[in-house]
Amino acid sequence: MAVELCLLLLLFCGSTISEVQPIYKPPPGTLDFGFVPSKTYDTGAYHEPGSIGILFKIVHAFLYLVQPNSFPQDLIRKVAQQQLGKTQGDYQKAIYYEIGFIVSAALGLLFILLLPLVGLCFCMCRCCDNCGGEMHQRQKKNADCQRSCFATFLFVASLIISVGVLCAYAANQHLTNQVRGAKKLVNSNFKDLKIFLNDTPAQIDYLVNQYNTAKDKALSDLNNVGPVLGTRVQEQLGKEVRPALDAALTMAGAIRETKEALENVSVSVEVLQEGTERLHANLTDVKTHLSNTLNDSACNAAQAASTCNIIRNSLSQLNVNANFSGLPGVSSQLAKVNDVLKIDLSSLVQKGYAAFNDTPDLVVNQTRNILSDIKSVLESIGSNITTFTKALPVQKILDDLMVYLTQSEAYVQDYFPLVEQYDFYRWLGCLILCCMVVLILVFYYLGLLCGTCGYDKHASPTTRGCISNTGGNFLMAGVGFSFLFSWVLMTVVVLTFVTGGNVEKLVCEPFEDKNLFKVLDTPYLLNQQWKNYLAGILFKNPNVNLTFEKVYSDCKENKGIYTSLHLEYLFNINEFLNISMYTEDVALKIEHIQINLSKIILLDEIGKENLLNFSSSGIDGIDFSAYLTEINKSVTKVDLLSFANDLEARADQLPKGALENALKGHANSIRMIHNQQVVPLEQAMSTLNQSIRLLKKTSSELMVKVKNVISAVNAAQFLINNNASQVIVQETKKYMDTIVGYFEQYTEWVKESIAMEVAACKPIANVIDTAVDIFLCSYITDSVNTFWFGLGGSSMFLIPAIIFAVKLSKYYRRMDTEDVYDDTENGNNGYHKEHLYGIHNPVFTSSVEQW
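One structure accompanies this document, and this report is about it. (Residues numbered from 1 in each chain as written. Predicted model: local features only at pLDDT ≥ 70, side-chain atom pairs only at ≥ 80, totals over all residues. Heavy atoms only, no water.)

Another point: the nonpolar core. With 83 residues, the main nonpolar core has Leu318, Leu602, Tyr627, Leu663 and Leu688 as its most contacted residues. The greatest single-element share of this core, amounting to 20 residues, is contributed by helix α7 (residues 225-294). Among residues more than four places away in sequence, those in contact with Leu318 are Leu283, Val286, Lys287, Leu290, Val638, Leu640, Phe643 and Ile670. Phe33, Phe539, Trp749 and Ile754 belong to the second-largest nonpolar core, a separate cluster that totals 57 residues. (Core = buried A, V, L, I, M, F, W, Y, C linked by side-chain atoms within 4.5 Å. Buried < 20%, exposed > 50% of the residue type's maximum accessible area, 1.4 Å probe, protein only. Helix = DSSP H or I, 4+ residues; strand = E, 2+ residues; numbered from the N terminus. Contact = heavy atoms within 4.5 Å.)

Structure follows, in structure tokens:
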């Protein structure tokens, strides 16, 4: 029940997940909803065993040798369904899987049964002075070598047993240390679960409050409906309207330019006519004076005659070339253009611009009532979300869950000392087992120490010292305790081996590679009526595809619990709060927006008539060819500067005198005429040329151009008056999609947040990992397996230690009888007689003592 309440806590997270079917996906401005507030969980569901981890790996390798088979999913399923044995071969498969454990356990049981029996027989045999019980030592040539080998083998076996008992003790202490430190990990898990419960409402409130972000953006666009919708309508209409107005404005500028050009033509022609007449008179005077100079008697001299004749023949070039007196005037055209300019066409066009630019204001004025309705709808959405959120018993559920969690934590805290107490008993029991082995080792090490240190190779078996004899007694004591304790040790080893090994193979390894979840997710496994057990528990609908593996994996990745548990199957929040219903209402209200732009007048009839008057002003009737013919001519037939320079050069060819000076004076006069009269005339001709060409260009198909401008203006006006509604509908639809798009962004963000951030269920995965992977597997199973591995190894090596200790004790203990040989008969292989004084015949002595 508590689990279901915990899951119900997040059901209303989907309160904003609507099922809007978007008609159009515009790219509206991306909204920034920020980050869902979340806290960091403290629990790190990972255990690092430290240096003892090497022993854990060795034990895992040993278990793999004992049990290399893969996880028996089919057998586990049949066991869970109580169908094991109903199919032929099930028991054979189970035996095959457990064969390693069975063989090992059988060997352990054989050890438990035989070693005490062997010990009993061995004791009885020794009591009968057999099996080494006779206190008599036969002398052999390799006695020292045997003693050394037995001592070495016993020492090696003791070392191995020591390593084993150290491993067992380390595992025992490690388990105790981990149990003592488990309280901190348990508290950390409870703390994370509390954070999980306390943080979830704040996350849900944040999601709900972020509706205001979308709402504020929508309201901002609605408040700026003029700049937004009006500008969009204006941009679409402007594709037709602006070019038409631009053409009209261009024509207005052309009228002004035409006037200026006509004025320039009129002035320039007048200037050219007067200038050419004055130039003609001045050139005539220059020619007269040059002729008089050339008629001077100095020109008759042989040196000057040819030069004077050349100059005389060139005088005909000093004449005006262009004739502007015959050009037609443009006064009539200028008068008509001035009449046209009495009406300010540019001002009329600017009024059209201003009227068209007022489109956003028209939109604002004509949508004021509808926008107020849309705003009220948006406010109602927010209020409904808030009302519904408050209507859910979230706080009550949270309080109940927190009470349950607090009670669970108190229960754990109350019973944890009991767990530690029982662990102390376990630790003490394991320590006693280790002490049993240590006691045996103490006897063996003392025996080796005393025997090795007290041994005197020159002493006979019957005269061995007290220390050596004590060493042999220690060894036999170790043998006796080995027989007493070995079956107890092996019993514990077998029990922990079978239990810990199977837990490692059937729980820990499958949990790590998730095969255990695959077994749990088997249809109809845990409940024969349910296909999916977890879905049946949570949703009462076992057909929902909800698996343990998927939930664990999603929580492990810290996904939201709403997505991990597919809570939409448990509670469909869209039935209570569906934003699509409101967005459709908003869309309908926006579609009802009607905007009338018929008040926009781009160009009135006066302006159009003004354009027509300009086209009939007569500038197209000007004789441009006559003008261009004269303009293309030079002012004079010869370049006066060149003529003056040439005249001056020829004067230099004459003898020095009055003639030369006179000709140079005439050259300077010609230069002065060029600078003062020809240059201004050339400038006037340039101005006339530009004006005439401008007028020619403007007058070219002037009537057609004007009609095209008027037609474009009429077409744009027709579009505004008749077809603007279609454009407005299209732009209104785009505007509506932009507004709705904000809420679609909000719902998509909510979906993503719920899936990945809201109520991230990492603590649930941490609890599972803590219980199974850390407590059961890492703390308990690894420690127990390492304990039986070390204790079992020690127990197994007690067998060779017993053999070597019995053999070695014969060389350390003081014998009652010994072999005696004569020196001459045995090559001095026996003991010297001085060492045998007072010793009876060993044969008779032995016979007497036996009685």
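Both trends apply: most residues other than glycine have a negative phi, and most peptide bonds are in trans. At Lys514, a position not held by glycine, the phi torsion is positive, near 65 degrees. Residue class for Lys514 comes out partly exposed when judged on its relative accessible area of 27%. Even without being glycine, Asn558 reaches a positive phi, approximately 65 degrees. Turning to its location among the elements, Asn558 is positioned in the loop between α17 (548-556) and α18 (561-564). The partly exposed category is assigned to Asn558, whose relative accessible area is 29%.

Summed over the entire model, instances satisfying the criterion amount to 7 salt bridges. Residue Lys505 is joined to Glu509 by a salt bridge in which the shortest nitrogen-to-oxygen separation is 3.4 Å. Taken together, the positions of Lys505 and Glu509, both in helix α14 (residues 466-512) and 4 residues apart, correspond to about one turn of that helix. Exposure remark for Lys505: the relative accessible area of 5% places this residue in the buried category. Under the relative-accessibility criterion, Glu509 is labelled partly exposed at 28%. Residues Lys550 and Asp554 are paired through a salt bridge, measuring 2.5 Å at the closest nitrogen-oxygen approach. On the criterion of helical spacing, the pair formed by Lys550 and Asp554 is a turn pair, its members being 4 residues apart in helix α17. Residue class for Lys550 comes out partly exposed when judged on its relative accessible area of 38%. A network of salt bridges, in which partner residues are shared, links Lys550, Asp554, Glu557 and Lys559. (Salt bridge = Lys/Arg side-chain N within 4 Å of Asp/Glu carboxyl O.)

Judged by its relative accessible area of 3%, Asp554 falls in the buried class. Apart from the residues within four sequence positions on either side, Asp554 is in contact with Lys559, Ser564 and Cys761.

A separate point is the packing of aromatic side chains. How two aromatic rings sit relative to each other is given by the distance of their centres and the angle of their planes. Per the counting criterion, the structure on display carries 21 aromatic pairs. Residues Phe101 and Phe497 carry aromatic rings whose centres are separated by 5.2 Å and whose planes lie at 45 degrees to one another, so their mutual orientation is tilted. Residue Phe101 is found in helix α4 (residues 90-127), and its partner Phe497 is found in helix α14; the two are separated by 396 residues along the sequence. Like Phe497, Phe101 is buried. Each residue in the set Phe62, Phe101, Phe497, Trp788 and Phe789 is aromatic and connected to the rest through ring pairs, giving one cluster. (Phe/Tyr/Trp six-rings, centres within 6.5 Å; stacked < 30°, edge-to-face > 60°.)

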